[in-house]
Amino acid sequence: MKFELIAATNNEHKLIEIRAILEPHNIKVLSLKDVGIDIDVVEDGSTYKENALKKAVEVAKLTKLPVMSDDSGIEIEALDNKPGIYSARYASSVGGYPNAFKIIEEKCKETNNYNALFNCDIALANLEEAPLIFEGRVKGTIAKNISGTNGFGFDPIFISDEVGRTNASLSFEEKNVYSARSKALNKLIDYLKNKNLCK
């Protein structure tokens, strides 16, 4: 029998990545739509952990199944480690990702600092008495040129130190090894394996 959990996200890209990483381990990932939950939790926390916890806990009130949620973002040294938890909102605030990429590229060039960090915190509620947190961190740099057509968000401009290419130029399978989300998800998998809840 498969271990079932709900992924508390309305982002289809995220759901595809989460399923690709978890399902080979005998984990069935249900979407909010699959379980008939219609909720849009306001992410007003001051950290990735707070936002992930809030989403997981709010959805967990509506089901008995375990619920996972993540919050992720990019921190760019040239932007004083912003946009961070406001990554998606930052792109919207400047007119979309292409504009955001131009602004980031100019700021990195101006400061001659291309260092960046991708973060992902995953919260898991409704399994233990208290929610659990799993962290994924990937150090890297901002690309001088946009590269790749895979992925989404800031993937075309973030180069992982581990791989040396932008996340958007990685194959789907490669990204699911090297991304911050995959690193956090693999910690979740290890935890469930230790509990004999997945393989």
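All of the points below concern the structure found in this document. (Residues numbered from 1 in each chain as written. Predicted model: local features only at pLDDT ≥ 70, side-chain atom pairs only at ≥ 80, totals over all residues. Heavy atoms only, no water.)

So, on to the packing of aromatic side chains. Counted according to the given criterion, the structure contains five aromatic pairs. On the basis of an interplanar angle of 45 degrees and a centroid distance of 6.0 Å, the ring pair of tyrosine 97 and phenylalanine 101 is categorised as tilted. Of the two residues, tyrosine 97 and phenylalanine 101 are both situated in helix H4 (residues 97-111); the distance of four residues between them amounts to about one turn of the helix. The positively charged end of lysine 144 is found above the aromatic ring belonging to tyrosine 114, 5.2 Å away from the centroid. (Phe/Tyr/Trp six-rings, centres within 6.5 Å; stacked < 30°, edge-to-face > 60°. Helix = DSSP H or I, 4+ residues; strand = E, 2+ residues; numbered from the N terminus. Lys NZ or Arg CZ within 6 Å of the ring centre and 35° of its normal.)

The next thing to look at is the nonpolar core. Leu22, Ile27, Met68, Ile76, Ile104 and Ile142 are the most contacted members of the largest nonpolar core, which totals 41 residues. The element contributing the most residues to this core is helix H6 (residues 180-194), with seven residues. If you look at the next biggest cluster of nonpolar residues, it comprises 12 residues, including Leu30, Ala52, Val67 and Ala125. (Core = buried A, V, L, I, M, F, W, Y, C linked by side-chain atoms within 4.5 Å. Buried < 20%, exposed > 50% of the residue type's maximum accessible area, 1.4 Å probe, protein only.)

A separate point is unusual backbone geometry. Along the chain, lysine 82 connects to proline 83 via a cis peptide bond; the corresponding omega equals 0 degrees. Relative to the helices and strands, proline 83 resides in strand E4 (residues 82-83). In this structure, asparagine 26 is a non-glycine residue whose phi angle is positive, near 65 degrees. Residue placement: asparagine 26 occurs in the loop between helix H1 (12-22) and strand E2 (27-31). Phi is positive for asparagine 81, which is not a glycine, with a value near 65 degrees.

Before going further, it helps to examine the packing of H1 against H6. Relative to each other, H1 and H6 sit at 45 degrees, their axes nearing to 10 Å. Relative to H6, the element H1 lies oblique. Regarding H1 and H6, the two cross each other, and that crossing is right-handed. Side by side, H1 and H6 meet where Lys14, Glu17, Ile18, Ile21 and Leu22 of the first sit next to Arg181, Ser182, Leu185, Leu188 and Ile189 of the second. (Axes fitted to C-alpha atoms, helices over the stretch in contact; angles between N-to-C directions. Parallel < 35°, antiparallel > 145°, perpendicular 65-115°, else oblique. Left-handed = near helix turned anticlockwise from the far one by under 90°. Contact = heavy atoms within 4.5 Å.)

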